[in-house]
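Listed below are the residues making up each chain.
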Amino acid sequence: MKANWRHFISLAAAFLLVACDNPQTTAQQDAMVLEGKTMGTYWRVSLAGVDNSRREALQNAIQQQLNNDDHELSTWKNDSVLSRFNQYRGSDPQPVSDNMADIVTLALRIGHQTGGSMDITIGPLVNLWGFGPDKQPVSTPNIQQIDAARALTGLQHLQVINRAGQAYLQKDLPGLYVDLSTVGEGFATDHLARLMEKEGINNYLVSVGGAVLTRGQNAQGKAWQVAIQKPTDRENAVQAIVDLQGHGISTSGSYRNYYELDGKRISHVIDPVTGQPIQHRLVSATVIATTALEADGWDTGLMVLGEEKAKALALRDKLAVYLIYKQGDGFASWMSPQFKAFIQSDTGSDKP
């Protein structure tokens, strides 16, 4: 638990989606694979048809861009753009980049569409339960502590303002603490895709933590594929394989990212309504959308809602969603009609 802003969430999510682009396999032996660390997790870029002489320059460009993104979005770094906004105790609009404004705008929209289940102002609760920069609690937070943290949250207290070509964030609650960790990986993944396009690269698979986006084809002229893993500690246990068809995908899961406290398993997924970690049957939610940012925003909200409400929302808003939930001694899966268009194989229900 070092000073990075999404250590708990990202390291777990990184194992929920696995790109089927192993450079050691025959089918992918000509792919260029670049890797590194950012935002408390790992990034990976697989490229087809790119000369190896560009490797070092691309590696450096990718890492520099991600470092810049981290400096903007981090809650672990006191001097980041987001941390400075959180530290501000006034109500005047604070200037931010267009990127920051776009992220918050999307997060607010999805937050309202999920009835507040995806809430980027949940920072005080995330910190209270030990999944932010603060240390893990030594005992379970009591109801007074939870209520005090909940009083500092609420999407209605945050707005994006665009004025004369400048974007601003404004809050009307001095203690409001914005945490963009639920959408940071998706944003960074999309940003990597834009960098590839800028570099004239049209065939790529890019990922940051649990968010992935693809364009074009792999080194063998076939579609890039991504595997959704089973809810098990076996890292190569595949639940389903999808062809993203140029879309973004993101998974949120509760079964690997937790700690034990007072004899109970504490999940990193916090329900903004109760102020407590989720306790329902849903163990992972995967979303495919036009961008990784969009997918990353939806998956957390669906995880908070739980199995039945997540299904209803996916059907209502026609989302491409794949859910894995506990059923008896094993697990079962459900996918929306929109997700079926991307599926290549699905193992369905599974016994651990």
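Residues numbered from 1 in each chain as written. Predicted model: local features only at pLDDT ≥ 70, side-chain atom pairs only at ≥ 80, totals over all residues. Heavy atoms only, no water.

Undergrad: When you look at the pattern of salt bridges in this model, what are you seeing that I'm missing?
TA: Close approach of charged atoms allows side chains of opposite charge to pair. Taken as a whole and judged by the stated rule, the model has eight salt bridges. For Arg109, the salt bridge identified is with Glu294, shortest N-O distance 2.7 Å. Placement of Arg109 in helix 4 (residues 98–113) and of Glu294 in helix 8 (residues 292–305) is noted, with a sequence separation of 185 residues between them. By relative accessible area, Arg109 is classed as partly exposed at 34%. Of the charged contacts, one joins Arg281 and Glu307 as a salt bridge, the two residues approaching to 2.3 Å between their closest N and O atoms. Within this pair, whereas Arg281 is found in the loop between strand 13 (264–267) and strand 14 (282–289), its partner Glu307 is found in helix 9 (residues 307–316), the two being separated by 26 residues in sequence. When its relative accessible area of 39% is taken as the criterion, Arg281 is described as partly exposed. When its relative accessible area of 7% is taken as the criterion, Glu307 is described as buried. One network of salt bridges, in which partners are shared, links Arg281, Glu307 and Lys311. (Salt bridge = Lys/Arg side-chain N within 4 Å of Asp/Glu carboxyl O. Helix = DSSP H or I, 4+ residues; strand = E, 2+ residues; numbered from the N terminus. Buried < 20%, exposed > 50% of the residue type's maximum accessible area, 1.4 Å probe, protein only.)

Undergrad: For this particular structure, what's the right way to read the packing of helix 2 (residues 55–73) against helix 7 (residues 181–198)?
TA: Relative orientation and spacing of two packed helices are given, respectively, by the angle between their axes and the distance between those axes. Closest axis-to-axis distance for the helix 2/helix 7 pair is 10 Å, and the angle between their directions is 145°. Relative to helix 7, the crossing made by helix 2 is right-handed. Judged by residue contacts, Ala61, Ile62, Gln65, Leu66, Asp69 and Leu73 of helix 2 engage Gly184, Phe187, Ala188, His191, Leu192, Leu195 and Met196 from helix 7. Residues belonging to the contact of helix 2 with helix 7 are distributed by class as follows: nine nonpolar, three polar and one charged. (Axes fitted to C-alpha atoms, helices over the stretch in contact; angles between N-to-C directions. Left-handed = near helix turned anticlockwise from the far one by under 90°. Contact = heavy atoms within 4.5 Å. Nonpolar A, V, L, I, M, F, W, Y, C, P; charged D, E, K, R; others polar.)

Undergrad: Looking at this structure, I do not really get the sheet that holds strand 11 (residues 248–253). What am I missing?
TA: Hydrogen bonds between backbone groups are what pair the strands of a sheet, and the pairing can be parallel or antiparallel. The eight strands are arranged 2-3-7-8-11-14-15-16 in an open sheet whose pairing can be described as antiparallel. The open sheet has two edge strands with one neighbour each: strand 2 (32–38) and strand 16 (330–335). The mean angle between the axes of side-by-side strands here comes to 15°, regardless of whether they run parallel or antiparallel. In this structure, strand 7 (residues 204–208) lies alongside strand 8 (residues 211–215), joined through five bridges in antiparallel fashion. Looking at the pairing, Ser207 lines up with Val212 of strand 8. Across the sheet, helix 7 is in contact with strand 3 (41–47), strand 7 and strand 8; its angle to strand 7 comes to roughly 150°. Here helix 9 sits on the sheet in contact with strand 14, strand 15 (320–327) and strand 16, set at roughly 165° to strand 15. (Pairing = 2+ DSSP bridges.)

Undergrad: Can you help me understand the pairing of strand 11 in this one?
TA: Successive residues of a regular strand alternate their side chains across the two faces of the sheet. The buried count for strand 11 comes to six of six residues, which makes it a mostly enclosed element. Side-chain alternation along strand 11 places Gly248, Ser250 and Ser252 on one buried face and Ile249, Thr251 and Gly253 on a second face that is also buried. Alignment of strand 8 against strand 11, held across three bridges, turns out to be antiparallel. Within strand 11, the residue paired with Val212 across the bridge is Ile249. As defined by bridge partners, strand 11 adjoins strand 14 across six bridges and the pair is classed as antiparallel. Among the inter-strand pairings, Ile249 is bridged to a residue of strand 14, identified as Ile288.

Undergrad: Help me understand the packing of helix 7 against helix 8 in this model?
TA: Helix 8 packs onto helix 7 with a crossing angle of 165° between their chain directions and a minimal axis gap of 7 Å. Classed by the angle they form, the pair helix 7 and helix 8 counts as roughly antiparallel. In terms of crossing hand, the pair formed by helix 7 and helix 8 is right-handed. For the pair formed by helix 7 and helix 8, the contact residues are Thr182, Val183, Gly184, Glu185, Gly186, Phe187, Thr189 and Asp190 on the first element and Ala292, Leu293, Asp296, Gly297 and Thr300 on the second. (Parallel < 35°, antiparallel > 145°, perpendicular 65-115°, else oblique.)

Undergrad: I would appreciate a short explanation of the pairing of strand 15 in the present structure.
TA: Of all eight residues making up strand 15, six are buried, and the element is well covered by its neighbours. Sheet analysis places strand 14 next to strand 15, joined by six bridges and oriented antiparallel. Bridged to Ser284 within strand 15 is Ile324.

The values reported here are purely geometric and, on their own, carry no functional implication.
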